[in-house]
Amino acid sequence: MIHDLSPLVSPHLGVWPGDTVAEREVLAEVAEGNNYTLSTLRGTVHLGTHIDAPSHVLAEGAAIHEVPLDAYIGPCQVLHLDVGHGQVITPDDLPGPIVADRVLLGTGTFPDPNDWNTDFASCGAELIDFLAAAGVVLVGIDTPSVDLFHSKPLPSHHAAFGHGMAVLEGLVLSGVPDGVYELVALPLKLDGFDASPVRAILRTTP
Ligand SMILES: [Zn+2]
């Protein structure tokens, strides 16, 4: 069974204020008498479910085409948390032990990808350090960022990249029960970019 963790990419999909919404420019259409349909996609690389590259926050950080891919495929634990809007998640908020080296956090504080809210919960550096010590190589969250909306120092991004941990944001985890799955969420090989949208899925191992 496959759980699809990516929201629909459309002009309605919310993006960070000031960032570029998704647009489809149709260049040719079979319905208009052309022998093919052809369109151009325009939008931020932080569109919906996406992977941040270290270069998103670090001048000397790896760009998305340079990140090792191992973190984006493999055993992955889903944990839904009982946290409030605007809350910084700490290790004490985890409902149980970490049992896989990829972790997806469900906060329920960014419920509608088409209706952007700024008061989502997010990680703190303490949580990232805790996960790294538990051997976690990828952290994912069902909000637009592993840091709070108004954060300028972006401590969780820096902590994660400092540990060599991959960051997956903008997940849709509603309806996905807690448990261990196989994650597949590969970034596009975009030369020099700071992120990539991904179709993130969880598979139950047969
Ligand atoms: Zn980010």
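Before reading further, recall that the structure is shown in the block above.
Given the structure is predicted, the values throughout are model-derived calculations rather than measurements.

Calculation notes
- Residues numbered from 1 in each chain as written.
- Predicted model: local features only at pLDDT ≥ 70, side-chain atom pairs only at ≥ 80, totals over all residues.
- Heavy atoms only, no water.
- Core = buried A, V, L, I, M, F, W, Y, C linked by side-chain atoms within 4.5 Å.
- Buried < 20%, exposed > 50% of the residue type's maximum accessible area, 1.4 Å probe, protein only.
- Helix = DSSP H or I, 4+ residues; strand = E, 2+ residues; numbered from the N terminus.
- Contact = heavy atoms within 4.5 Å.
- Patch = residues over 30% accessible without salt bridge, like charges linked within 9 Å, V, L, I, M, F, W, Y side chains within 5 Å.
- Areas by Shrake-Rupley, 256 points an atom, 1.4 Å probe, with all protein chains shown as cover.
- Salt bridge = Lys/Arg side-chain N within 4 Å of Asp/Glu carboxyl O.
- Phe/Tyr/Trp six-rings, centres within 6.5 Å; stacked < 30°, edge-to-face > 60°.
- Donors = N, O, S within 2.8 Å, 3.2 Å for Na, K, Ca; no water.
- Tetrahedral: all angles 85-135°; square planar, octahedral: opposite > 155°, others 65-115°.

**Observations regarding the nonpolar core**
Here is step 1 of the chain: Grouped together as the largest cluster of nonpolar side chains are 23 residues, with contacts concentrated most on Leu-94, Leu-105, Cys-123, Leu-131 and Val-139.
Here is step 2 of the chain: Listed by contribution, the elements that provide at least two residues to this core are β7 (102-106), α1 (125-133), β9 (138-141) and α2 (155-162).
Here is step 3 of the chain: If we ignore the near neighbours within four places in the chain, the residues touching Leu-94 are Leu-79, Leu-81, Leu-105, Leu-127, Phe-130 and Leu-131.

**Focus: a nonpolar patch on the surface**
Here is step 1 of the chain: Nonpolar side chains collect at one region of the surface, where Leu-27, Tyr-36 and Leu-38 lie side by side and expose about 300 Å² of accessible area between them.
Here is step 2 of the chain: The topology assignment puts Leu-38 in strand β3 (residues 38-42).

**Quick look at the packing of aromatic side chains**
Here is step 1 of the chain: All chains considered together, the criterion is met by six aromatic pairs.
Here is step 2 of the chain: Between Phe-110 and Phe-120 the ring centres are 6.0 Å apart and the planes differ by 85°, which places this aromatic pair in the edge-to-face class. Remark: Phe-120 occurs in the loop between β7 and β8 (122-123) and Phe-110 occurs in the loop between β7 and β8; sequence separation between them is 10 residues.
Here is step 3 of the chain: You can call Phe-110 buried: its relative accessible area is 12%.
Here is step 4 of the chain: Residue Phe-120 is classed as buried on the basis of its relative accessible area, which comes to 1%.
Here is step 5 of the chain: A centroid spacing of 6.4 Å and a plane angle of 90° characterise the contact between Phe-120 and Phe-149, whose relative ring orientation is edge-to-face. Here Phe-120 is found in the loop between β7 and β8, whereas its partner Phe-149 is found in the loop between β9 and α2, with 29 residues between them in sequence. When sorted by exposure, Phe-120 lands in the same class as Phe-149, which is buried.
Here is step 6 of the chain: An aromatic cluster of three or more residues is present, and its members are Trp-16, Phe-110, Trp-116, Phe-120 and Phe-149.

**Section: the coordination of the zinc ion**
Note on metal sites: the ideal angle is 109.5 degrees for four tetrahedral donors, and 90 or 180 degrees for six octahedral donors.
Here is step 1 of the chain: Coordination of the zinc ion by the protein is provided by Asp-52 (OD), His-157 (NE2), Glu-169 (OE) and Glu-169 (OE), with metal-donor distances spanning 1.8 to 2.3 Å.
Here is step 2 of the chain: Each of the four donor atoms bound to the zinc ion contributes to angles spanning 56 to 142°, and the resulting shape is irregular.
Here is step 3 of the chain: Taken in sequence order, the residues that donate to the zinc ion follow the motif D-x104-H-x11-E. Of this pair, Asp-52 sits in strand β4 (residues 50-52) while His-157 sits in helix α2, and the two are 105 residues apart along the sequence. Neither residue differs from the other here; Asp-52 and His-157 are each classed as buried.

**Some thoughts on α2**
Residues three or four positions apart in an α-helix share a direction because the helix packs 3.6 residues into each turn.
Here is step 1 of the chain: Burial in α2 covers these residues: Ser-156, His-157, Ala-159, Ala-160 and Phe-161.
Here is step 2 of the chain: The inward-facing, buried residues of α2 abut β4, β8, α1 and β10 (166-169).

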